[in-house]
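# Structural description and commentary
This is what each chain is made of:
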Amino acid sequence: MAQSLISIKKRSTFVNVKEKGRYIRSFSFNIQMLKNIGLNNNIEVGFTATKKLGNAVKRNKAKRIMRELAKKVIIKYGKTNYYYVLIAKNSLLTKPFKELEIELEKVIRWILIY
């Protein structure tokens, strides 16, 4: 288990994860991940909700949901010394939270296998 979750703040980090990291598609969100030894056994997480998702209210709600998912699932099952970027899809806003939690857990566990 990671020491803590840290939020990604810099755009350059998001771009670096996009260019060099793995990209995994899921039904409600996409995940980008990249290993970085210099994170001192922490996990850095970023959240993206584009304008395709809707207005500011919907994008903010999607980010709040993804933050809670990260607190419950990524800190428990995620690998340390990794960046994770969660990208919201439209179905994220309509699915129950418990189903989203199960979906993210399955994706993270699948990543650990491969």
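Summary of the structure given here. (Residues numbered from 1 in each chain as written. Predicted model: local features only at pLDDT ≥ 70, side-chain atom pairs only at ≥ 80, totals over all residues. Heavy atoms only, no water.)

### A closer look at the pattern of salt bridges
Inspection of every chain in the model, using the stated rule, returns three salt bridges. Here Glu68 ties to Lys71 by a salt bridge, and the two come within 3.5 Å at their closest N and O atoms. With Glu68 and Lys71 both in helix H2 (residues 56–77) and three residues apart, the pair spans about one turn of that helix. One salt bridge in this structure joins Arg109 and Glu105, with 3.3 Å as the shortest N-O distance. Here Arg109 and its partner Glu105 are both found in helix H3 (residues 97–113), four residues apart, which amounts to about one turn of the helix. Overall, the relative accessible area of 23% leaves Glu105 in the partly exposed class. (Salt bridge = Lys/Arg side-chain N within 4 Å of Asp/Glu carboxyl O. Helix = DSSP H or I, 4+ residues; strand = E, 2+ residues; numbered from the N terminus. Buried < 20%, exposed > 50% of the residue type's maximum accessible area, 1.4 Å probe, protein only.)

### Some thoughts on the nonpolar core
One finds Phe29, Ile74, Tyr84, Leu86, Leu92 and Leu104 to be the most contacted residues of the largest nonpolar core, which totals 26 residues. For this core, the secondary-structure elements that each account for two or more residues are strand S3 (29–35), strand S4 (43–48), H2, strand S5 (82–88) and H3. No other element matches H2, which puts seven residues into this core. Aside from chain neighbours lying at most four places away, what touches Tyr84 is Ile8, Ile31, Gln32, Met33, Ile43, Glu44, Val45, Gly46, Ile74, Gly78, Lys79 and Ile108. Judged by nonpolar contacts, the second largest core, of seven residues, contains Val17, Tyr83, Val85 and Ile87. (Core = buried A, V, L, I, M, F, W, Y, C linked by side-chain atoms within 4.5 Å. Contact = heavy atoms within 4.5 Å.)

### Points about the environment of Tyr23
With respect to the helices and strands, Tyr23 occurs in strand S2 (residues 22–25). Once the C-alpha coordinates of Tyr23 and Leu34 are considered, the two residues, 11 residues apart in sequence, prove to be 9.2 Å apart. In contact with Tyr23, other than residues within four places in its own chain, are Asn30, Ile31, Gln32 and Ile87. A polar contact of 2.8 Å, which involves the side chain of Tyr23, links it to the side chain of Asn30. (Polar contact = N/O pair within 3.5 Å; in protein donor to acceptor, adjacent residues only side chain to side chain.)

### Regarding the pairing of S3
Burial runs high along S3: six of the seven residues are buried. Summarising the sheet, S2 and S3 pair through four bridges and their orientation is antiparallel. Following the sheet pairing, Tyr23 is matched in S3 by Gln32. A loop of three residues connects S2 with S3, the two strands running antiparallel in sequence. Note: S3 against S5, seven bridges, orientation antiparallel. Paired with Gln32 across the strands is Val85, a residue of S5. (Pairing = 2+ DSSP bridges.)

### Description of the environment of Phe27
Counting through the fold element by element, Phe27 comes out in the loop between S2 and S3. With 62 residues separating them along the chain, Phe27 and Lys89 place their C-alpha atoms 7.7 Å apart. Ignoring any residue separated from it by four or fewer positions in sequence, one finds Phe27 in contact with Lys89, Ser91, Lys95 and Glu103.

### Brief notes about the pairing of S5
In terms of burial, S5 is a largely internal element, seven of the seven residues being buried. Alternating residues of S5 divide into Tyr82, Tyr84, Leu86 and Ala88 and Tyr83, Val85 and Ile87, and every residue in both groups is buried. Bridging between S4 and S5 involves six bridges; their strand directions are parallel. Note that in S5 the partner of Ile43 across the bridge is Tyr82. With H2 bridging S4 and the parallel S5, this β-α-β connection has left-handed handedness. (Right-handed = clockwise from strand over helix to strand, strands pointing away.)

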